[in-house]
Amino acid sequence: TFIIGLGDLVIFYASLIPALWLRRPELFTLSYILSHALAFSYVFPLWYVVNMVVGLYDFHEIREFSTEAGNTVLAFFYNLILSAGIFYLFPEQLMTPKTHLVLTLLFACILGMAWRRAWVRIVSAGFLTQRVAFLGSSALIDAMREDIRTRHVTRFRIVSSYRLLRWWLKGKAAGKRFPHSLTDNRLDLAVVDPMQIEANSQLSDAILSTAMAQDVPLWTDLDFYERLYKKVPPEHAAEPAWLFSHVLHRRAEVYFWFKRCADMLGAAVQLILLAPVFLLLMLLIKLTEREGECFYCQT
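Parameters at a glance
Residues numbered from 1 in each chain as written. Predicted model: local features only at pLDDT ≥ 70, side-chain atom pairs only at ≥ 80, totals over all residues. Heavy atoms only, no water. Helix = DSSP H or I, 4+ residues; strand = E, 2+ residues; numbered from the N terminus. Areas by Shrake-Rupley, 256 points an atom, 1.4 Å probe, with all protein chains shown as cover. Buried < 20%, exposed > 50% of the residue type's maximum accessible area, 1.4 Å probe, protein only. Pairing = 2+ DSSP bridges. pLDDT = per-residue confidence, 0-100. Contact = heavy atoms within 4.5 Å. Salt bridge = Lys/Arg side-chain N within 4 Å of Asp/Glu carboxyl O. Core = buried A, V, L, I, M, F, W, Y, C linked by side-chain atoms within 4.5 Å. Phe/Tyr/Trp six-rings, centres within 6.5 Å; stacked < 30°, edge-to-face > 60°. Lys NZ or Arg CZ within 6 Å of the ring centre and 35° of its normal. Axes fitted to C-alpha atoms, helices over the stretch in contact; angles between N-to-C directions. Parallel < 35°, antiparallel > 145°, perpendicular 65-115°, else oblique. Left-handed = near helix turned anticlockwise from the far one by under 90°. Nonpolar A, V, L, I, M, F, W, Y, C, P; charged D, E, K, R; others polar.

Our next topic: the overall build of the protein chain. Along the backbone of the protein chain there are 13 helices and 4 strands. When the accessible area of the protein chain is evaluated, it comes to approximately 18,700 Å², of which 66% is carbon and sulfur surface.

By the criterion of burial, strand 1 (residues 130-135) is predominantly enclosed, with 6 of the 6 residues buried. Of the two faces of strand 1, the one lined by Gln 130, Val 132 and Phe 134 and the one lined by Arg 131, Ala 133 and Leu 135 are each fully buried. Here strand 1 runs beside strand 2 (residues 156-158); their pairing, made up of 3 bridges, is parallel. The partner of Arg 131 across the bridge, within strand 2, is Arg 157. When strand 1 meets strand 3 (residues 189-192), the two strands line up parallel, connected through 4 bridges. Bridge pairing in strand 3 places Val 132 opposite Leu 189.

Glancing now at the confidence of the model for the protein chain. Confidence in the prediction of the protein chain, expressed as mean pLDDT, is 77, and 77% of residues score 70 or more. Within the protein chain, helix 3 (residues 44-54) carries the highest mean pLDDT (88), whereas helix 7 (residues 161-173) carries the lowest (53). Predicted confidence for residues 177-184 stays below pLDDT 50, and this span has 21 contacts to residues more than four positions away or in other chains.

On inspection of all chains with the given rule, the structure shows 4 salt bridges. The shortest N-O distance in the salt bridge between Arg 116 and Asp 8 comes to 2.5 Å. A residue pair is termed long-range when its members are at least 10 positions apart, and Arg 116 in helix 5 (residues 101-123) and Asp 8 in helix 1 (residues 2-23) qualify at 108 residues. Judged by its relative accessible area of 3%, Arg 116 is buried. With a closest N to O distance of 3.2 Å, Asp 142 and Arg 145 form a salt bridge. With Asp 142 and Arg 145 both in helix 6 (residues 139-149) and 3 residues apart, the pair spans about one turn of that helix. A relative accessible area of 24% means that Arg 145 is categorised as partly exposed.

Before going further, it helps to examine the nonpolar core. It is characteristic of soluble globular proteins that their nonpolar side chains tend to be buried jointly. Phe 40, Val 43, Phe 44 and Trp 47 are the most contacted members of the largest nonpolar core, which has 19 residues in total. Counting only elements with at least two residues in this core, the list comes to helix 1, helix 2 (30-40), helix 3, helix 4 (65-89) and helix 5. Once residues lying within four places of it in the same chain are set aside, the contact partners of Trp 47 are Phe 12, Asn 79, Ser 83, Leu 101, Thr 104, Leu 105 and Ala 108. Grouped together as the second largest cluster of nonpolar side chains are 15 residues, Leu 140, Ile 141, Phe 224 and Trp 242 included.

Looking now at the packing of aromatic side chains. Scanning the entire structure with this criterion turns up 11 aromatic pairs. Between the aromatic rings of Tyr 13 and Phe 44, the centroid separation amounts to 4.8 Å while the plane-to-plane angle is 80 degrees, which identifies the pairing as edge-to-face. Residue Tyr 13 is located in helix 1, and its partner Phe 44 is located in helix 3; the two are separated by 31 residues in the primary sequence. For the ring pair Phe 134 and Phe 224, a centre distance of 5.9 Å and an interplane angle of 75 degrees mean the geometry is edge-to-face. Placement of Phe 134 in strand 1 and of Phe 224 in helix 10 (residues 221-229) is noted, with a sequence separation of 90 residues between them. Each member of the pair, Phe 134 together with Phe 224, is buried. Every member of this aromatic cluster is reached through a ring pair, and the members are Phe 12, Tyr 13, Phe 40, Phe 44 and Trp 47. The ring of Trp 219 has Arg 227 lying over it, and the distance from NZ or CZ to the ring centre is 5.0 Å.

Running from N to C, helix 1 and helix 3 point in directions that differ by 135 degrees, and their axes come no closer than 10 Å. On the basis of the axis angle, helix 1 is oblique to helix 3. Taken as a pair, helix 1 and helix 3 cross one another with a handedness that is right-handed. Facing helix 1, whose interface residues are Gly 5, Asp 8, Leu 9, Phe 12 and Tyr 13, helix 3 presents Phe 44, Trp 47, Tyr 48 and Asn 51. Partitioned by chemical class, the residues of the contact of helix 1 with helix 3 number 6 nonpolar, 2 polar and 1 charged.

This part takes up the sheet that holds strand 1. Taken together, 4 strands build an open sheet; the order of strands is 2-1-3-4 and the sheet is parallel. The open sheet has two edge strands with one neighbour each: strand 2 and strand 4 (218-220). Averaged over neighbouring strand pairs, the angle between their axes works out to 35 degrees when direction is ignored. Direction of pairing for strand 3 relative to strand 4: parallel, over a ladder of 3 bridges. Residue pairing in the sheet places Ala 190 in a bridge with Leu 218 of strand 4. On the sheet, helix 10 packs against strand 1, strand 2, strand 3 and strand 4 and is oriented at approximately 90 degrees with respect to strand 4.

Next comes the structure, spelled out in structure tokens:
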């Protein structure tokens, strides 16, 4: 994480150079670059914090290109708004480099994505892969296992449940607990189907006690699905038990309040920027579909 962040700081300053050259090539001198670098030094730490908040330093997240691209777009808009606000609040102290802000931020986002792709490909290909074992079987587990097996999801590697079963029988025959050492088999995470585990109390006790003793995280299939895909299966999201444990009791937490404000701010900015596109789409819908509404509403 430190190395990725350090690379970002270098990229921030490096992105300023082509932005200055494209905007004012006739003024492109060393003193001109240094004066603007000093002004931008007030917002570059803010960019670092925003990148951290949206997840650009979570090295398990950046393994997935789609997730990284989405987080980069969010960081671009948040950094643009906050940086523009700082420059307008302190115009005399920070000069007026507002015209270079968009170009610098754009170059920083592009180079930042390239930097993370290089990091994933060269440095972290095997080191950051988490080894996960699925205990039990369900529709969710089967879908996740298939995505990991076909490399649709690349940041996890499956430890065979058959291997764990043989391991358990071997340990049981030797009078040891199941499994006698999770860490010896390099297991980072265990995912269980709680319904099947509850049906076997002996197996449930063995898994829970061993996972606690070996400090191996134990996730339900639903929680792991949410972590893997950043969404909840619709058939589970409507269940009262899920709502009680995941949504309703967390409404008052500061994090969710801040996230809600950030979501509304990001949505408002994108609605304003895309308003002309939306108007054009509405016109095209009316021209091609005489009946029906322009907006789709869902209960």
